[in-house]
Amino acid sequence: MGSYIVKRLLSAIPVLLGITVIVFLIMAMIPGDPATAILGSYATPENVAKLNRDLGLDEPLVARYFIWLGNMLQGDFGRSFSLNRPVLDEVTERFMATLILAGTSFVLCALFGIMAGVVSAARQYGWADRGITFAVLLGISIPSFFLGMMMILIFAVHLRWFPVSGMYAIYGGGDLADLLHHLVMPAVALSVVATGVVARLARSAMLEVLRQDFIRTARAKGVGEGRVVWRHALKAAMVSIIPVLGIQAGFVLSGAVYIEMVFQWPGVGRMLVDAILKRDILLVQGGVVIVAACYVLFNIAVDVAQSLLDPRIKT
Amino acid sequence: MQQGMLNWTRRGVLAAGVAMSMALGATAPATAQTPPGVLIVGQIAEPKALDPAAVTAVNDFRILMNVYDGLVRYRDGTLEVEPALATAWEISEDGTEYTFTLREGVRFHDGSDFNAEAVVFNFERMLNEDHPYHDTGPFPLAFFFSAVESVEAVDDLTVRFTLNEPYAPFLSNLAYPTGLIVSPAAVEQHGADFGRNPSGTGPFTFKEWRSNEAVVVEKNPEYWDGAPELDAVVFRPITDANTRTAEMLAGGIDLMVEVPPVSLSEFQGEGFTVHEQAGPHLWFLILNAKEGPFADKRVRQAANYAINKTALVDNVLEGTADVAAGPTPPAFAWAYNESLEPYPYDPEKAKALLAEAGVDDLSLTFYVTEGGSGMLDPVAMGTAIQADLNAVGFDTEIETYEWNTFLGEVNPGLEGKADMAEMAWMTNDPDTLPYLALRTDAWPDKGGFNSGYYSNPEVDKLLEAARVATDQEKRAELYKRMQEIVQEDAPWVFVANWKQNAVTSEAVENFALQPSFFLLLDDVVKN
């Protein structure tokens, strides 16, 4: 097992190096440089050249890449031009916020998606099934940012149950209750589509399983219907539901960008969008590399866990 | 069955738990009402830094103007300079020496004294590359003071600036945020992190900066111009305009700037006040006078007649702008030529001019941006302009770019690429825009912003003369003459002067917008 982990970790190194090259080249190639973005109307060639020199952007491209890479290997991701603070501080702070949001959404979509799918399958063509199928179709069809805006209008502006935006109250907040209060709307808005997808697939997976012989056998033996559905059938259906959950985890993480914009959630997606618009090179590069490294590590962790559960996977 | 029931229940408890926590959240007070005396301002973005020498965005200026003072400032409601940290000044005959008498007994928020040495420190830090704290930059707008040759402390309360040539906008530039005075002691203490630990002499002292959440400033009870009414101000960055509007409607903020035109109707009812103030802003189209159809003055004038500017400001911009008449915004009251009338909307006249010019190929490439500072609603405006131009016989093709890409295309000049481009400027002196964008010596290859290659020796002469004239009346005369010529030559299509807007809740009193686009809060009251 130890050698398997080491092997996987080593294989991550070229992936990460490739990511640094790609993100560096993309930032170098997109038109518009940070000096122009900072100076705006005052970006005369003279002012731009001077500012580029001050920002250390007048070095040749290759030299800049290796300086950046070298600093990063020593843990120095540089300073953001647009926020004037260390890139690492900003990215870790905001990645946490994204994880809280996406994590909550993931739990919501897994929980409610599976529940809805199971109920729907157990009552196939009944009223519950029709209701759930309709709700699921509706949920999948509504873009999350639109849903978010509607939720703000109804629950924050008119009913005033929840705050419009942000992660903590500006005054007298900061505890867990305050965080949950701010988290409800964005997490729900983000989870709706994913919940729909999970529910649909859970329903068809369950229907498949419920037709099988061992279910009939269980029923014939007199096992209660609740136990048949939730214990026997769901356990078997989970085999095909789990990969879908994995995909949805990626979906909520990337979908968080829109939700972060609408609800002004201080997450990493919003940070990257702002940073790209401001041509904040170091923040974009550092942000992408750190987020990518987390994805890679997460994938390795999942593979390792899976190989622990199912020794056949280990190669 | 027993077992099954138990399972149902366990899951039921779990689901109920989630539902409970949501309901609990719902019962907590949603918008924790902020105490009176604390003003919450909805900003359009997270500030870059609170170091006035290091920032360029109006968004950051809105905070800075409440934490710092300059030697001079704009008189309330005008763009004319009055004393602030300097109580008086003298300008030498030749216009190259400015001697300021400083206010006595003023202290920075960190307790250190404001004096001539502090002023010298500020300008040396920005302008002198050998200064020990020059590395706390970069200082992108330092060229505002590029005419400054030396700054010296004559005595504790007298400071003298020597310029390398007469430069009339100097005083006005001192009133700009780049000229705000920071505490040398705080720069020495915090170094590169000064921008997150600011200290000035202004009406509010810096309290805390919670990244992406809020910047909090508190009342400075010892403010030399009288302590402010508010106890504290919280600046909240809310980048999405719709969310900002929703926060304002829900009571999450008390003051909102840059209300999108389409949202203004939301605030017409009771409980809100909408504020408007014309500012030194011009939205225009740069025409390529070097090549293509616009090389002919009559075709440029035809474009000015063809575009229905009134419809643009009333319908696309919902009345948030006025029709522009010439290159100088009316907000520069003293330098503005009142006799100038905007080009009327007259498609027939445009057609006649085009026929007279006899240009065969009227196809145009039109650069449009997706957004950007002061650009208002550039895509919708570009589309409306395209329709108006095509109606009189032009064949306009739009190319749309993201803002920084757009600047990268437009600033180096339109030659060989496009016939016209959208542009907008906000400035602090009538000198800035025409000097940087209309002179022959401001063509892109000479380092200016004259991307349409307009050239008129008389305009060049007037602008050079206005820049070195220290007498304001004389300057005004020169600018007024320049506006007449430029309007006639039509190097641009003069479209709109934006009126900055803001909304306040009914709890807020004594608030007024400034033509400078700064946000001054020292007299504001919140009940």
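Coordinates for the structure precede this section.
All of the points below concern the structure found in this document. (Residues numbered from 1 in each chain as written. Chains lettered and ligands numbered in written order. Predicted model: local features only at pLDDT ≥ 70, side-chain atom pairs only at ≥ 80, totals over all residues.)

Okay, the overall build of chain A next. Counting its secondary structure elements, chain A contains twelve helices and zero strands. Starting at the N terminus and ending at the C terminus, chain A contains elements arranged as α-α-α-α-α-α-α-α-α-α-α-α. Counting the 315 residues in chain A, one finds 41% classified as buried. In chain A, 71% of the contacts between residues at least 6 apart in sequence involve partners at least 24 apart. (Helix = DSSP H or I, 4+ residues; strand = E, 2+ residues; numbered from the N terminus. Buried ≥ 20, exposed ≤ 12 C-beta atoms within 10 Å, placed from the backbone. Contact = placed C-beta atoms within 7 Å.)

What follows concerns the interface of chain B and chain A. Between chain B and chain A, the residue contacts involve 53 residues of the former and 56 residues of the latter. For the side of chain B that touches chain A, the secondary structure elements donating two or more residues are α1 (2–27), β10 (232–237), α6 (241–250) and α11 (403–410) of chain B. Residue contributions to the side of chain B that touches chain A peak at ten residues, all from α1(B). Classifying every residue of the side of chain B that touches chain A by side-chain character gives 23 nonpolar, 23 polar and seven charged. (Nonpolar A, V, L, I, M, F, W, Y, C, P; charged D, E, K, R; others polar.)

Another aspect to go through is the environment of Gly326(B). All names here are of chain B. Residue position: Gly326 is located in the loop between β14 (321–323) and α9 (347–357). In this structure the C-alpha to C-alpha distance between Gly326 and Tyr223, which are 103 residues apart in sequence, comes to 41 Å. Setting aside residues up to four positions removed in sequence, Gly326 forms contacts with Asn337, Leu340, Gln483, Val486, Gln487 and Phe494.

The subject of this paragraph is the packing of helix α7 (residues 297–306) of chain B against α9(B). Residue and element names in this part refer to chain B. As a packed pair, α7 and α9 sit with axes 8 Å apart at the nearest point and diverge in direction by 165°. In terms of orientation, α7 lies roughly antiparallel with respect to α9. Relative to α9, the crossing made by α7 is left-handed. Counted together, Arg298, Val299, Gln301, Ala302, Tyr305 and Ala306 of α7 and Pro347, Lys349, Ala350, Leu353, Leu354, Glu356 and Ala357 of α9 form the full contact between these two elements. Tallied by class, the residues present in the contact of α7 with α9 amount to nine nonpolar, one polar and three charged. (Axes fitted to C-alpha atoms, helices over the stretch in contact; angles between N-to-C directions. Parallel < 35°, antiparallel > 145°, perpendicular 65-115°, else oblique. Left-handed = near helix turned anticlockwise from the far one by under 90°.)

Turning next to the packing of helix α7 (residues 144–158) of chain A against helix α8 (residues 176–210) of chain A. All names here are of chain A. For the pair α7 and α8, the least separation of the axes is 9 Å and the interaxial angle reads 145°. In this structure, α7 meets α8 at a crossing whose hand is right-handed. On α8, the residues that touch Ser144, Leu147, Gly148, Met151 and Phe155 of α7 are Met185, Pro186, Ala189, Leu190, Val192 and Val193. Considering only residue class, the contact of α7 with α8 consists of nine nonpolar, two polar and no charged.

Since the α-helix packs 3.6 residues into each turn, any two residues three or four apart lie on the same face. Between its terminal C-alpha atoms helix α4 (residues 61–73) of chain A stretches 18 Å, which fits the 18 Å expected from 13 residues at 1.5 Å a residue. Looking one or two places after α4(A), you find Gly75(A), whose phi comes out positive at around 85°. (Expected span 1.5 Å × (residues − 1).)

Turning to the pairing of strand β13 (residues 281–287) of chain B, a few remarks are in order. Residue and element names in this part refer to chain B. Within β13, seven of the seven residues are buried, which leaves it mostly tucked inside the rest of the structure. When β13 meets strand β18 (residues 492–505), the two strands line up antiparallel, connected through four bridges. Bridge pairing in β18 places Trp283 opposite Ala496. (Pairing = 2+ DSSP bridges.)

Below, the discussion takes up the environment of Val217(B). Residue and element names in this part refer to chain B. Turning to its location among the elements, Val217 is positioned in strand β9 (residues 214–219). Each C-alpha atom of the pair Val217 and Leu340 lies 44 Å from the other, and the pair is 123 residues apart in sequence. With residues near it in sequence (within four places) discarded, Val217 still touches Asn66, Val67, Phe204, Thr205, Phe206, Lys207, Ala232 and Val233.

This brings us to the sheet that holds strand β7 (residues 158–163) of chain B. Residue and element names in this part refer to chain B. The four strands lie next to each other as β4-β5-β7-β6, forming an open sheet whose pairing is antiparallel. With partners counted over all chains shown, the strands left at the sheet margins are β4 (86–91) and β6 (148–155), one partner each. Each strand of the sheet is rotated relative to its neighbour by a mean of 20°, with strand direction disregarded. Two elements, strand β5 (residues 97–102) and β7, share five bridges in a ladder whose sense is antiparallel. Bridge assignment links Glu97 to a residue of β7, and that residue is Thr162. Sitting on the sheet, helix α3 (residues 116–127) touches β5, β6 and β7, and the angle it makes with β6 is about 165°.

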